[in-house]
Amino acid sequence: MNKALKETLNHAWGTIGPRSVDGGTLIAQRLGVSHALLTYSVQAALEAVLRGLDVEGFEVILPAYCDRILADTVLMAGATPVFADIDYRTGCLSPMSAERYITARTRAVLCEALGQPDLTALAYAAGRERLVLYARDALPKTEECAAAVYGIGCGANHIGIAAVDDTAMFDRIYAAHNCGRPYTSGASESVVNTRIGGNLRVSEFPCAVLSETLAALDRDAAACEKLLSNEWPCPRMRAVHLPTAGTLLLRCDGIRCETCREALVKRGYAVERPYTALHRLPVFGGHSDEEFENTVRAETGYFRIRI
Amino acid sequence: MRLAVLGGKPIRKKPYPRWPIHDHTEEAALDRVYRTPTLDESSRFAEWYANYCGVPYVLPTASGTVSIELILRALGIGRGDEVILPPYTFIASYAAIRFIGAVPVFADILPDSYNIDPADVERKITPHTRAILAVSVGGRPADCDALGAIAEKHNIALIHDAAQAVGATWRGVSIAAYGTAAAFSCQNSKNLTCGEGGIITTTDAVLHETLRVIVSGGDDTHIGVRAGINGYCAGILNAQSARFPEQLRYRQESAAYLDAHLAPLGYVSPMPGDPRVTSNAYHLYFIRIHEDKLRGVTRDRFVEAVVAEGIPLTTGYRPLYATPGVNEPHNTPVTDYVAGHEGAWLAPPTLLGTPDDLADVVRAIEKVYDNLDALREV
Ligand SMILES: Cc1ncc(COP(=O)(O)O)c(C=O)c1O
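Reading the values: the criteria
Residues numbered from 1 in each chain as written. Chains lettered and ligands numbered in written order. Predicted model: local features only at pLDDT ≥ 70, side-chain atom pairs only at ≥ 80, totals over all residues. Heavy atoms only, no water. Helix = DSSP H or I, 4+ residues; strand = E, 2+ residues; numbered from the N terminus. Rg over C-alpha atoms; globule rule 2.2 N^0.38 Å. Buried < 20%, exposed > 50% of the residue type's maximum accessible area, 1.4 Å probe, protein only. Near = heavy atom within 4 Å. Polar contact = N/O pair within 3.5 Å; in protein donor to acceptor, adjacent residues only side chain to side chain. Areas by Shrake-Rupley, 256 points an atom, 1.4 Å probe, with all protein chains shown as cover. Pairing = 2+ DSSP bridges. Contact = heavy atoms within 4.5 Å. Axes fitted to C-alpha atoms, helices over the stretch in contact; angles between N-to-C directions. Salt bridge = Lys/Arg side-chain N within 4 Å of Asp/Glu carboxyl O. Nonpolar A, V, L, I, M, F, W, Y, C, P; charged D, E, K, R; others polar. Domains from an automatic or database assignment. Buried area = accessible area lost by both parts, 1.4 Å probe. Core = buried A, V, L, I, M, F, W, Y, C linked by side-chain atoms within 4.5 Å. pLDDT = per-residue confidence, 0-100. Parallel < 35°, antiparallel > 145°, perpendicular 65-115°, else oblique. Left-handed = near helix turned anticlockwise from the far one by under 90°.

Engineer: Please provide a residue-by-residue account of the overall build of chain B, values included.
Structural biologist: A count of helical and extended segments in chain B gives twelve helices and 14 strands. For 378 residues, the compact-globule estimate of 2.2 N^0.38 gives 21 Å, and the C-alpha radius of gyration of chain B, at 21 Å, lies within 12% of that figure. Its C-alpha atoms give chain B principal-axis dimensions of about 70 × 55 × 35 Å. Looking at chain B as a whole, 62% of its 378 residues are labelled buried.

Engineer: Can you explain the site of the ligand? Please cite residues and give values.
Structural biologist: Taken together, 17 residues form the shell around the ligand, and within it Gly64(B), Thr65(B), Asp161(B), Ser185(B) and Lys190(B) come nearest. Those residues lying near the ligand are distributed over chains A and B. Side-chain polar atom of Lys190(B) to an oxygen atom of the ligand: 2.6 Å apart, as the coordinates give it. Within the complex, 96% of the 390 Å² of free accessible area of the ligand lies under protein. When residues of the shell around the ligand are traced back to their parent elements, those giving at least two are α3 (64–74) and α4 (91–99) of chain B.

Engineer: Quick one: what's the story with the sheet that holds strand β8 (residues 237–239) of chain A, residue by residue and with numbers?
Structural biologist: All names here are of chain A. Overall, antiparallel pairing links the four strands, which are arranged β8-β9-β11-β10 in an open sheet. Where the open sheet ends on each side, the last strands, each with one partner, are β8 and β10 (271–272). Examined bridge by bridge, β8 and strand β9 (residues 247–252) share three bridges and lie antiparallel to one another. The residue of β9 that forms the bridge with Met-237 is Cys-252. Sheet strands touched by helix α11 (residues 293–301): β9 and β11 (302–306). Its angle to β11, the strand with the most contacts, is close to 40°.

Engineer: Give me the interface of chain A and chain B: which residues, what numbers.
Structural biologist: Contact with chain A, which involves 46 residues of that partner, is made by 53 residues of chain B. Run the count over chain A and chain B and you get four salt bridges. Across the pair Arg79(B) and Glu56(A) runs a salt bridge, and its minimum N-O distance is 3.6 Å. Breaking the side of chain A that touches chain B down by element, the ones donating at least two residues are α1 (3–11), α3 (42–52), α4 (68–76) and α8 (204–208) of chain A. Broken down by class, the residue content of the side of chain A that touches chain B amounts to 21 nonpolar, 16 polar and nine charged.

Engineer: Residue-level account of the domain arrangement of chain A, with values.
Structural biologist: Residues and elements named next belong to chain A. Split into domains, chain A comes out as domain 1 (3–210) and domain 2 (214–306). For domain 1 and domain 2, the distance between their C-alpha centres works out to 24 Å. Taken together, the contact between domain 1 and domain 2 spans 35 residues of the former and 34 residues of the latter. Interface area for domain 1 against domain 2, summed over the two sides, is near 2900 Å², with a carbon-plus-sulfur share of 63%. On the domain 1 side of the contact with domain 2, Tyr-65, Phe-83 and Tyr-88 bury the most area, a combined 30% of that side's loss. Here Arg-30 makes a salt bridge to Asp-218, at a shortest N to O gap of 2.8 Å. The interface formed by domain 1 and domain 2 holds twelve residue pairs in polar contact (both at pLDDT 80 or more) in total. Broken down by secondary-structure element, the contributors of at least two residues to the side of domain 1 that touches domain 2 are α2 (18–31), α4 and β3 (80–84). When its residues are assigned to classes, the side of domain 1 that touches domain 2 shows 21 nonpolar, four polar and ten charged.

Engineer: With reference to specific residues and values, describe the nonpolar core.
Structural biologist: Counting 119 residues, the largest nonpolar core has Val49(A), Leu110(A) and Leu70(B) as the members making the most contacts within it. With residues up to four places along the chain from it excluded, the contact list for Val49(A) reads Val132(A), Ala147(A), Val149(A), Ala162(A), Met169(A) and Ile173(A). Leu5(A), Val55(B), Cys194(B) and Val277(B) belong to the second largest nonpolar core, which has 42 residues in total.

Engineer: Can you lay out the environment of Tyr302(A) for me, pointing to particular residues and giving the numbers?
Structural biologist: Residues and elements named next belong to chain A. Mapped onto the elements, Tyr-302 comes out in strand β11. Of the residues examined, Tyr-302 reaches a relative accessible area of 0% and is grouped as buried. Considering only alpha carbons, one finds Tyr-302 and Leu-38, 264 residues apart in sequence, at a separation of 31 Å. Polar contacts involving the side chain of Tyr-302 include one to the main-chain carbonyl oxygen of Tyr-88, which spans 2.5 Å.

Engineer: Lay out the side chain of Ser279(B) with the relevant residues and their values.
Structural biologist: Residue and element names in this part refer to chain B. Its location among the elements puts Ser-279 in strand β11 (residues 277–279). Judged by its relative accessible area of 9%, Ser-279 falls in the buried class. A distance of 2.7 Å separates a polar side-chain atom of Ser-279 from the backbone oxygen of Gly-167. Aside from chain neighbours lying at most four places away, what touches Ser-279 is Gly-139, Pro-141, Gly-167, Ala-168, Thr-169, Leu-248 and Gln-252.

Engineer: Help me get a handle on the confidence of the model for chain B, residues and values and all.
Structural biologist: When pLDDT is averaged along chain B, the result is 97, and 100% of the positions lie at 70 or above. Here the complex is predicted with pTM 0.97, and the ipTM for its interfaces comes to 0.96.

Engineer: Outline unusual backbone geometry, supporting the account with residue identities and numerical values.
Structural biologist: Residue and element names in this part refer to chain B. Geometrically, the link from Trp-19 to Pro-20 is a cis peptide bond, its omega value of -5° lying close to zero. In this structure, Asn-155 is a non-glycine residue whose phi angle is positive, near 55°. Here Asn-155 shows up in the loop between α6 (144–154) and β5 (157–161). The phi dihedral of Arg-295 falls on the positive side, at around 45°, and the residue is not glycine. In this fold, Arg-295 is placed in the loop between β12 (285–289) and α9 (299–308).

Engineer: Just give me the short version of the environment of Ile109(B), but keep the residues and values in it.
Structural biologist: Residues and elements named next belong to chain B. Tracing the backbone through its elements, the reader meets Ile-109 in the loop between β3 (103–106) and α5 (118–124). The exposure class assigned to Ile-109 is buried, which follows from its relative accessible area of 1%. Linking Ile-109 and Gly-197, residues 88 residues apart in sequence, is a C-alpha distance of 27 Å.

Engineer: How would you explain the packing of α3(B) against helix α7 (residues 205–215) of chain B if you had to name every residue and give the values?
Structural biologist: All names here are of chain B. As a packed pair, α3 and α7 sit with axes 9 Å apart at the nearest point and diverge in direction by 115°. One finds that α3 runs roughly perpendicular with respect to α7. As for how α3 packs across α7, the hand of that crossing is right-handed. Across from Leu-70, Ile-71, Arg-73 and Ala-74 in α3, the residues of α7 making contact are Leu-207, Thr-210, Leu-211, Ile-214 and Val-215. Its residues assigned to classes, the contact of α3 with α7 comprises seven nonpolar, one polar and one charged.

Engineer: Outline α7(B), supporting the account with residue identities and numerical values.
Structural biologist: In an α-helix there are 3.6 residues to a turn, and that puts residues three or four apart on one side. Residue and element names in this part refer to chain B. Among the residues of α7, Leu-207, His-208, Thr-210, Leu-211, Val-213, Ile-214 and Val-215 are the ones counted as buried. Lining the buried residues of α7 we find β1 (57–61), α3, β8 (181–185) and β9 (198–202). Just downstream of α7 lies Gly-217, where phi reads positive at about 115°.

Here is the structure:
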């Protein structure tokens, strides 16, 4: 049996034990940030960050083309999702489009790192203190954001990560994830609640195998990296550059995307369309009259292949 | 004998049983999941729990707190809606209501169960009330009959915060089967534990389906809250569940022993029985401390002295409204009194102790009472 799991079972598998604490430190070091909090899922990490930014009753800007988790979590945290377009080249939130929707009520701006987002421009447009980066199966570093949220590992090994530099912000995120008790109150039982917080805590078990999860992530990302210079079946097809584990995102810059898709399938790839636009879904407000040119284009021009 | 709190020898130094308990079956479960991280341990556990409680629908989740939130969301409760709850509970009951944007409204508790007072619930109902969140505090079911009748009369939901009440029954039926839905916690301290986890039960097929949609990521009209239980945790529950019924029986026997030995003392007393409570899950064992019989010694000082004797007794919940950030109005005199002057409970694993461990609880309490004057003088 796996040694780390056995040790965890024999010593401490309770609430916020050594595995999750050490895991947070390990991730923070790797990312070069002051604090990283592990949560039970990537959505829980995003929820903790949004609650840490006190978004309830305010607006949060996010791309219309992104992981649906972003929009779900904005609603969960009691904020209004305000959609903006993506940049077709990177697949990420367009700074220009985002800027158009920023108002006095904007509390956060979310950007999924599908490819490499232009964080400098986004931080300039949104303000660094509001900018939150989100990535799945990848740990891109960032200094230009208030916080970054990651989801790594599959199945039972999945964990969410909320990474921040600012200690006051980390206190709020931590409190949101653990019954309102701030990080700086320590792990003692006689802790004081300073805010309203839920339970977004991670189990000790997936944290016990965190270094294996990270090793697998790096291995898969390296395999993905190798594919970046591949010749794709269509001359106008490009890999969107962000090495993620297990999948590669491709973008077709031409107009005959369906033909591209078929060509990929013929080459033996499992191909899926990553997302459909979120802004049309009734649950998110259904602003179907908005025209997000790049989002519409990405719905047919983006492919995700399993590697 | 000099009190330990005054420098004397404590009744005991030996710790009470360790919690949680595990053996090779938990190891095997972790190993299974490690080999196949996508293994579905959750459905197997759900099946066991459905059988154990006699309810048709069970959804294992990431925590007790998120279970309450999910139920509220699935019922379409949100901004501006009011949810009635007792203030004598863990902060999570309140946080779940606030996290979905609804308004918590406090109703008082009953002095002889510490559970929510149905008469006060009825007084707190307004046109905005959408649900009652009834906590089974310590593992003893709240009054399912009266609360059920109120919920029906006013056409509102009755949600059981049964976080502490795995194994509790009311009139022979699991708490899981009463009301609109129930939320249980499998967090580390709880009687059926996996470290972090929760369970939702309901008898309502439509509600269960909505919950399932939400937890699996939402659809066109429902938000997605991906809060299913972690696979390792579900595996652990599949091992713990085999041990649970016997542990519950043992806790109940221990509680009966303490009831019998504390009742005659007069200055402290056990919680009175209720024939409708056919199984008290005894997550917490409450001891009522009667300050008026302690000749000027406060409950807090009395408990401090008992703790110094080596007994894991605590003064219980502070009222929720004493928590920073909880600003709702409250008119709950029973809670004020219980939280400030009367309530105390034994830490959960105490009831798994040996007969001698339990006898020490009684001995320590008697010793402190016998030395009240010394205690008062310092
Ligand atoms: C009454 C009550 N409600 C809710 C909860 C929350 O459960 P969890 O810790 O699993 O989120 C608890 C846990 O301590 C509790 O005691």
